[in-house]
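Fold and contact review
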Amino acid sequence: MTRRARVRDIAAEAGVSIATVSRVLNDHVNVAPRTRELVLRALERSRSDAPPRPDRRTVHVRCPYLLTDYFGLIVSSIAETLRLHGVRMVLDAGVTSQRADVLRGLPDDPDLDAAVLILPPEDGEELVALARRGFPFVVVDPRTTPPPDIASVSAAHLAGARALTAHLVELGHRDIGVIAGPVEWLAGDARTAGHHAALAQAGVLPSRDRVHHVEPTAAEGLRVAGELLDGPRRPTAIVCFNDKLAVGALQAAHDRGLRVPHDVSVAGFDDLDLSRATRPALTTVRQPLQEMGRIAVTQLMRVLDGHRPEALHLELSTTLVVRESTGPVPP
């Protein structure tokens, strides 16, 4: 019996909609106590009456991006954890997948039981529509603020960025350029807020002209860092949305004969392998990418087994990694 068949059967027995069953399984508060009791009783009866499941579960993993070191680590962790649970994985990856209308068809595929959506480009309404059809899924690293009923796993972006900028403030930096991620990304907003919080705690009013929102690539880091360094008032440090932007910033400093960190400090975010390969090695913030993948699968398996998720929105702690690319403010 498939997961969706179970949900339909429970809904029919309890006399409620599939969406209501989904809300109960996800421990949503907006369910009347009597209705919740009816659904839970129907669920218990379905467990006792259900024959042993002869087939393996299958989970659709959607990552509509290139599987580089960042996304590759998350997907690999998801694949390994699903294998430990004896679950098949169907992978949908690559940038071209962003233009495909994938979510709408997931509940109609009889071979799929659930999904893991990594940084989904779809808006919140599409995620809510998918949940209302009783299809279980978990979002990893949501691009926008996830709806209240949607289970998600992410890193503590704000706290990580705040720790990074606080490190620069302790070194004496006050005029800090920020190469932020896309303005519509939740992580970009959170990291910028963390940066501003650390400056505010030091009594520094953040300057809007020091924040530049770009696509998170090394080429954009090279371009924007060049503009910051060529300006009439050169910042003493540059913090970047990710390590790739920081690599571009390091190159921009090198091209202008500036020494890092003696003339300008540079910091990234993610702690990818390349952050240890740069010269100087990059100060950055480590995201628990593999742990995010493992916990997403754990949450999904709880729902598939008829249990409530431990929490709907999980934020995993980040770690400041100080290397040679940051130093005291230049005299």
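Let us look at the structure shown here.

Across its full length, the protein carries eleven helices and twelve strands. Taken over 331 residues, the protein has a buried fraction of 54%. Partitioning the intrachain contacts of the protein with sequence separation of at least 6 by distance along the chain shows that 73% fall at a separation of at least 24. Of the accessible surface of the protein, which amounts to about 15000 Å², a share of 53% is contributed by carbon and sulfur atoms. Considering the protein, the positive charge centre built from 39 side chains and the negative charge centre built from 41 side chains are found 3 Å apart.

Across the sheet, which stays open at both edges, the four strands sit in the order β7-β6-β8-β9 with parallel pairing between neighbours. Only two strands of the sheet have a single partner each, and these edge strands are β7 (211-213) and β9 (265-267). Across this sheet, the average inter-strand angle for adjacent strands is 15 degrees, counted without regard to direction. Pairing of strand β8 (residues 237-240) with β9 involves three bridges; the strand directions are parallel. Bridged to Val239 within β9 is Ala267. Strands β6 (176-180), β8 and β9 of the sheet are contacted by helix α6 (residues 157-170), whose axis makes an angle of about 170 degrees with β8.

It is the contact of helix α8 (residues 218-230) with helix α9 (residues 243-255), at a shortest axis distance of 7 Å, that shows an interaxial angle of 45 degrees. Taken together, α8 and α9 sit at an angle that is classed as oblique. With respect to the hand of their crossing, α8 and α9 are arranged in right-handed fashion. The segment α8 lies against α9, with Ala218, Glu220, Gly221, Leu222, Ala225, Gly226 and Leu229 engaging Lys244, Leu245, Gly248, Ala249, Gln251, Ala252, Ala253 and Asp255. Tallied by class, residues from the contact of α8 with α9 come to eight nonpolar, four polar and three charged.

With that settled, consider the sheet that holds strand β5 (residues 152-155). The strand order β2-β1-β3-β4-β5-β11 describes an open sheet built from six strands, whose pairing is parallel. One side of each edge strand has no neighbouring strand; the edge strands of this open sheet are β2 (88-93) and β11 (313-316). Taken pair by pair, the neighbouring strands of this sheet meet at an average axis angle of 15 degrees, ignoring direction. Inspection of the sheet shows strand β4 (residues 137-140) paired to β5 by two bridges, in the parallel sense. Its bridge partner lying in β5, Val139 is registered against Ser152. Strands β3 (114-118) and β4 of the sheet are contacted by helix α5 (residues 124-132), whose axis makes an angle of about 155 degrees with β4. Running at roughly 165 degrees to β4, helix α11 (residues 289-304) makes contact with β1 (58-63), β3, β4, β5 and β11 of the sheet.

Analysis parameters
- Residues numbered from 1 in each chain as written.
- Predicted model: local features only at pLDDT ≥ 70, side-chain atom pairs only at ≥ 80, totals over all residues.
- Heavy atoms only, no water.
- Helix = DSSP H or I, 4+ residues; strand = E, 2+ residues; numbered from the N terminus.
- Buried < 20%, exposed > 50% of the residue type's maximum accessible area, 1.4 Å probe, protein only.
- Contact = heavy atoms within 4.5 Å.
- Areas by Shrake-Rupley, 256 points an atom, 1.4 Å probe, with all protein chains shown as cover.
- Lys, Arg positive; Asp, Glu negative; His and termini not counted.
- Charge placed at Lys NZ, Arg CZ, Asp CG, Glu CD.
- Pairing = 2+ DSSP bridges.
- Axes fitted to C-alpha atoms, helices over the stretch in contact; angles between N-to-C directions.
- Parallel < 35°, antiparallel > 145°, perpendicular 65-115°, else oblique.
- Left-handed = near helix turned anticlockwise from the far one by under 90°.
- Nonpolar A, V, L, I, M, F, W, Y, C, P; charged D, E, K, R; others polar.

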